[in-house]
Amino acid sequence: MSARPCVQAKHCKTIVRLMPAKSGFGIAANQIVESICDMCGITDIRAKVIGSHHPHNTVRAVFEALERIQSPADIAATRGVTVYRI
């Protein structure tokens, strides 16, 4: 599984950007983001932590970014088309 659109979230002074990666790429992120993605079942992702690297803020920013990832069904419903058209 991979994060399909590029998502970004901020908590305090920490910004986390989750970017999609090709299948088989693996996880290219710092240790905190990597362990969270492993627990979530995300296997192919690139991530960048910008600003403060405080662990608590990084964890909160990662979870906010993961909440912003939309499924293809959600995107199709927003656009008013079927999943097949996306």
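Enquirer: What should I look at first to understand the pairing of strand E4 (residues 45-51) in this one?
Expert: Every other side chain in a regular strand lies on the same face of the sheet, so the side chains alternate between the two faces. In this structure, strand E2 (residues 14-20) lies alongside E4, joined through seven bridges in antiparallel fashion. The residue bridging methionine 19 from the neighbouring strand is arginine 46, located in E4. Read from strand E3 (residues 27-28) through helix H1 (residues 31-40) to E4, the crossover connection turns out left-handed.

Enquirer: What is the right way to look at the packing of H1 against helix H2 (residues 55-68) in this model?
Expert: A pair of packed helices is characterised by two quantities: the angle between their axes and the separation of those axes. It is the contact of H1 with H2, at a shortest axis distance of 10 Å, that shows an interaxial angle of 40 degrees. Here H2 runs oblique to H1, going by the angle between their axes. H2 is crossed by H1, and the crossing has right-handed handedness. Residue-level contacts link Ile32, Val33, Ile36 and Cys40 of H1 to Pro55, Thr58, Val59, Val62, Phe63 and Leu66 of H2. Considered class by class, the residues forming the contact of H1 with H2 number nine nonpolar, one polar and no charged.

Cut-offs used in this document
Every residue gets a number counted from 1 within its own chain, in the order that chain's sequence is written. The predicted origin of the model limits local features to residues at a pLDDT of at least 70 and limits the giving and counting of side-chain atom pairs to 80 or more, whereas totals for whole chains, interfaces and linings rest on all residues. Computation of side-chain values covers all heavy atoms of the structure but excludes hydrogens and water. In this analysis, strands are considered paired if DSSP registers two or more bridges between them. Under the DSSP-based scheme used, a helix requires at least four consecutive residues in state H or I and a strand at least two consecutive residues in state E, with every element numbered from the N terminus. Note on handedness: a clockwise path from strand one over the helix to strand two, with the strands aimed away from the viewer, defines a right-handed crossover. Here an axis means a line fitted to C-alpha atoms, over the contact stretch when the element is a helix, while the angle between two N-to-C directions is reported on a 0 to 180 degree scale. With respect to orientation, any angle under 35 degrees is reported as roughly parallel, any angle over 145 as roughly antiparallel, any angle of 65 to 115 as roughly perpendicular, and every other angle as oblique. A clockwise turn of the near helix away from the far one marks a right-handed crossing, whereas an anticlockwise turn of less than a right angle marks a left-handed crossing. For this analysis, residues touch if any pair of their heavy atoms sits within 4.5 Å. Following the grouping adopted for this structure description, the nonpolar residues are Ala, Val, Leu, Ile, Met, Phe, Trp, Tyr, Cys and Pro, the charged ones are Asp, Glu, Lys and Arg, and the polar ones are all others, Gly among them.

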